[in-house]
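Overview (structure and organization)
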Amino acid sequence: MRSILRYMRDSWKAVCVVILLLMVQAYCDLSLPTYMSNIVDVGIQQNGMDDAVMEQIRAGSLAQLELFMTEEEMETIENAYGEANEVGVRYVNTDLSEEEQAAVSDALCVPMALAYQMSRYDGETSGMYSLSELQGAIDAGRITRDQLLAMKDQALEQMGDISDSTMLQIAVMYMEEEYNAMGVDLGTIRNHYLYTTGGKMLGLTALGLTVAMVIGLIASRVGAGVGRKLRDQVFGRVLRFSSIEMNQFSTASLITRCTNDIQQVQMVCVMILRMMLFAPICAIGGILKVYHTQTGLGWIIVVAVCVILAVIGTLMRISMPKFKIMQSLVDRMNLISREILTGIMPIRAFSREKREEERFAGANTDLMRTQLFTNRVMNFMMPTMMLTMNAVTVAIVWFGSKGIEAGNLQVGDMMAFITYTMMIVMSFMMMTMISIFLPRAGIAADRINEVIHTEPVITDQPEQAESKTDWKGEIRFDDVTFCYPGADHPAIEHISFTAQPGKTTAIIGSTGSGKSTLLNLIPRFFDVTEGRVQLDGVDVRNIRQETLRSQLGYVPQKGVLFSGTIASNVKFADSDISDEQMKLAAEIAQATEFIDSKMDRYNTRIAQGGTNVSGGQKQRLSIARAIAAQPKVFLFDDSFSALDYKTDAALRRALHANISDATVIIVAQRISTILHADQIIVLDEGKMVGIGTHEQLLASCSTYREIAESQLSESELKGGSVQ
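The structure contained in this document is the topic of the report that follows. (Residues numbered from 1 in each chain as written. Predicted model: local features only at pLDDT ≥ 70, side-chain atom pairs only at ≥ 80, totals over all residues. Heavy atoms only, no water.)

What about the overall build of the protein?
- Within the protein, the secondary structure is distributed over 29 helices and 14 strands.
- For 723 residues, the compact-globule formula gives about 27 Å, and the C-alpha radius of gyration of the protein, at 45 Å, lies well above that figure.
- C-alpha extents for the protein along the principal axes are approximately 155 × 50 × 50 Å.
- Burial status across the protein gives 47% buried among its 723 residues.
- A separation of at least 24 residues holds for 77% of the contacts in the protein among residues at least 6 apart in sequence.
- Of the side-chain charges in the protein, 63 are positive and 82 negative, and the distance between the mean point of each set is 15 Å. (Helix = DSSP H or I, 4+ residues; strand = E, 2+ residues; numbered from the N terminus. Rg over C-alpha atoms; globule rule 2.2 N^0.38 Å. Buried < 20%, exposed > 50% of the residue type's maximum accessible area, 1.4 Å probe, protein only. Contact = heavy atoms within 4.5 Å. Lys, Arg positive; Asp, Glu negative; His and termini not counted. Charge placed at Lys NZ, Arg CZ, Asp CG, Glu CD.)

Digging into the side chain of Lys618
- Along the polypeptide, Lys618 turns up in helix H24 (residues 615-628).
- Despite its burial, Lys618 pairs with no opposite charge, the nearest such side chain being Asp638 at 15 Å.
- Every residue in contact with Lys618, bar those within four places of it in the chain, is listed here: Gly559, Val560, Leu561, Gly609, Gly610 and Val613. (Salt bridge = Lys/Arg side-chain N within 4 Å of Asp/Glu carboxyl O.)

Things to note about the sheet that holds strand E6 (residues 530-535)
- One open sheet accounts for four strands, arranged E4-E3-E6-E7; its pairing is antiparallel. Of all strands in the sheet, those bounded by a partner on one side alone are strand E4 (492-499) and strand E7 (538-539).
- The pairing of strand E3 (residues 475-482) with E6 spans five bridges and is classified as antiparallel. By the bridge assignment, Asp478 is partnered in E6 with Arg532. (Pairing = 2+ DSSP bridges.)

Observations regarding helix H25 (residues 645-658)
- Taking 1.5 Å of rise per residue, 14 residues should cover 20 Å, and H25 covers 20 Å from first to last C-alpha, within 8% of that figure.
- Within the sequence span of H25, burial applies to Thr647, Asp648, Ala649, Ala650, Leu651, Arg652, Ala654 and Leu655.
- Its buried side turned inward, H25 meets helix H22 (579-588), H24, strand E11 (633-637) and helix H26 (671-674). (Expected span 1.5 Å × (residues − 1).)

Re the pattern of salt bridges
- This structure, assessed with the given rule, holds 15 salt bridges.
- A salt bridge links Arg58 to Glu178, with the nearest nitrogen and oxygen atoms 2.7 Å apart. One end of the pair, Arg58, is in strand E1 (residues 56-58); the other, Glu178, is in helix H9 (residues 164-182), and 120 residues separate them in sequence.
- Between Asp261 and Arg447 there is a salt bridge, with the nearest N and O atoms lying 2.6 Å from each other. Remark: Arg447 occurs in helix H18 (residues 411-452) and Asp261 occurs in helix H12 (residues 251-276); sequence separation between them is 186 residues.
- For Arg447, a relative accessible area of 10% gives the class buried.

Here we look at the environment of Arg338
- If you trace the backbone, Arg338 turns up in helix H14 (residues 298-342).
- If we ignore the near neighbours within four places in the chain, the residues touching Arg338 are Thr251 and Ile255.

Here we look at the sheet that holds strand E14 (residues 687-692)
- Pairing in this open sheet of six strands is mixed, and the strands run E8-E11-E12-E5-E13-E14 from one edge to the other. The open sheet is flanked by strand E8 (552-555) and E14, the only strands paired with a single partner. On average, adjacent strands in this sheet sit at an angle of 15 degrees to one another, irrespective of strand direction.
- Strands in contact with helix H28 (residues 702-711) are strand E5 (504-509), strand E13 (679-684) and E14; relative to E13, the strand with the most contacts, it is inclined by about 100 degrees. (Axes fitted to C-alpha atoms, helices over the stretch in contact; angles between N-to-C directions.)

So, unusual backbone geometry
- Of note in this structure, Asp479 is not a glycine but carries a positive phi near 50 degrees.
- Within the secondary structure layout, Asp479 lies in strand E3.
- Backbone geometry at His494 places phi at a positive 55 degrees, although glycine is not the residue there.
- The residue His494 is located in strand E4 in this model.

Here's the deal with the pairing of strand E12 (residues 663-667)
- With five of five residues buried, E12 is to be regarded as a mostly interior element.
- Going residue by residue along E12, you find Thr663, Ile665 and Val667 tucked away on one face and Val664 and Ile666 tucked away on the opposite face as well.
- Here E11 runs beside E12; their pairing, made up of five bridges, is parallel. If you follow Val633 over to E12, its bridge partner there is Thr663.
- A crossover connection joins E11 to the parallel E12 through H25; in handedness this β-α-β unit is right-handed. (Right-handed = clockwise from strand over helix to strand, strands pointing away.)

The analysis is restricted to geometry; functional conclusions fall outside its scope.
This is the structure we're talking about:
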C-alpha cells in the first residue's frame, strides 16, 4: 500500500483537489436523507411548517398562548409580532434573525401544544379549564400566574416524555386550526415548502453528479499518469540490464510486470481516489448525522460494522496467500505461451502439439483454480454484506416503530436513519471491495519495485576517456578470465591477444568452448572476472557504454530484425544514415539481389522478428545494419552460418575491399569463413590453445588441425584455398 501511495506522490496536488471534491460530494449525499426526512415529517405531516412561528396569528389567540409563557418569553413574542390590524391579526416581523426565529419558536411551541390539548377536552367533563375560562379566571384573580405555570408543568408531566419533534407536531395541529380560522390556504404553505426542499435536493444531486464526474476525470488522469511513469521506469531500467539481470528476470515475467502488474496498480490508484478516500469520509459523516438524529438506535450500526470488519478480516487472511501465488502463475502461463508461440515450427516438426497443449492447459488450469478460489472467497462477501444490510433495515424498522408508537421518533427520522445506516454500511462495503484488489495490487507493486530497484551489475564508471574522439579500434585482451554468476568453473580463462585495425581476427573452437562469451565481453554484455579488455588502450569498463558501443558493429549469432521496413532495419543504428550508405551496406552484405526482387524494394515491410524473410536474408540484413553504422570494430558472432559458400565468399571479399581500415573479429564454425584471416584464435574448453594464421595453426595446433580435417579435403588443406 505504501508503494502505491508513493507512486501517487508526484500527483499530490491532484490528490488534494480530489479530497476536497470528495468532501463536497459526501456533503451532497449526506444532505439528501435529511431533506427527505423533512419532506415526510414537515412537508407532508406538518403541512410545510417546520417551526412554531406563525406568519400571522389572531391577537386573542396570541394572548391565550401568553398565559403559558414566562415574562421573558412574553417579551420575546411581543418583540417578534407587530401590532394587531383592524381585523385583530398580528403579523410576525420579517427581519428576524435565525436566533430570534428559534427563540420565538421555542416560546410558542409548548403553549401551542398545551392549548391544542386543552381544546380537545370538554371543561365540564374533564375538570379542566377551557382557554376562555382560564383567561377569565386570571382576570378575576382566582388563578395567579405562578399557579398557571405550575399547571403548565403538571400538564407537560401528564403528556409524558415526548421528543421535541413530537411536541412540534402537536403545536402544528394548533397552527393548522388557527390558519383555518383565519382562512389561510394550508396547501399553499405545504406546496411552497415541498417545492423549495425538492429544488434543494435536485440542486445537491446535480452538484454531486458534477463533482463525481470531475473526480472520475482527475482520478483517471492520475492513474494513467502513474501507469505511464511506471512503464517508463520499468522499461528504462530493463534497457540498462545486462545479461545477468535478464537471466534473473525471465522475459515473460518482465512482460507481465510491465503490463498486467502496472495495470493492477493503475486500477487501484483510480479506486483509491474514487472509492477508498470517499468511503471513510462518507462513513464518518453518516455516523455524525446518525448521532445528531438522537434516535437511540446507534447500537445497531455498531453491531453491523463489527460484523463487516470480522468478515473482511477473515476473508483477507484466507485469500491473501492466494493472491501472491496468482501472480507467479500468470508469469508461468505467459512463459509457456511465449515458448509455444516462438517455437511453433519445431513443435510441429516433432509432432509435439498435443504435449504442448497439455502443458499450456496445465498452467491455465492452475491459474483458473487459484482465481476460482479467490473469487469464491470474495463472492462470499457480497451475500454476507447484503444479509447484514437487510438485517440492519429490519432491526431499525422494528425498534424504530416502537419509538414512533411511544412518540419519541418520527417516520421521516426513521427513514433518514435507515438511509444513513445504509450509507455507512455501503461505505464499509466499498472499503471491502477495494480490500479485494489491494493485496494483489500490493504484490504487483512489489514485483514492479523489484525491477525498478534492481541495480545493473554493468554500469558506467567515472569517465576517463570521454573526451577521446579519434578512436582507431584496437581491441586488446589482457589475461582475461570470465566466470558466469553461479558457475563452478570459468567459461574462459587467461585469454590474451590483440586485434589490430585493418586486420581480421577469427575465433574458432568446438561448441561450448567460449567463443561467443569472449566476443560478448567487448561490448560489455558481461564484465570480465579477471584481467582487462581494452579499446585503444582504455579499459572498456572506463568508457561510457554508449560511447563504447557506438564504436562497435555487432552482428549476433541469431539475426534479429524489427517490425518496420528493410530501410528502417538497415538504418537502425542511426536515423541520419543516408540512402547511399544504406544501399552500399546492403551491397556489401550481398543483400541487394533479394531486396531488388521485392516490389517495394527498401520499403518492403518486415514482420515482427523478421518472420517473413529467410534465415540467410535475415543474416545479410543484420550484417548490412552493422556496416551502415560505419563502426571502428566489427563483431561477427557466427554471422555467416546461414549463408551458402558462394555468398559467404562474396561477402568476405566485399568486406575486405570496403572496410579495410576497421578491426574485424569473426566467430565462426566453418574453416572456409576464416581461412584468410590475419590471425586465428583457437579455443578449447575456455582456454586459448592456438593463435596464428591458417598455415601456422595447421602446423602447430592439433585442435585446429582436427577441425580443419573434419571440414576440408586433403587438397584444400594443402592448397589453402576454399571457394
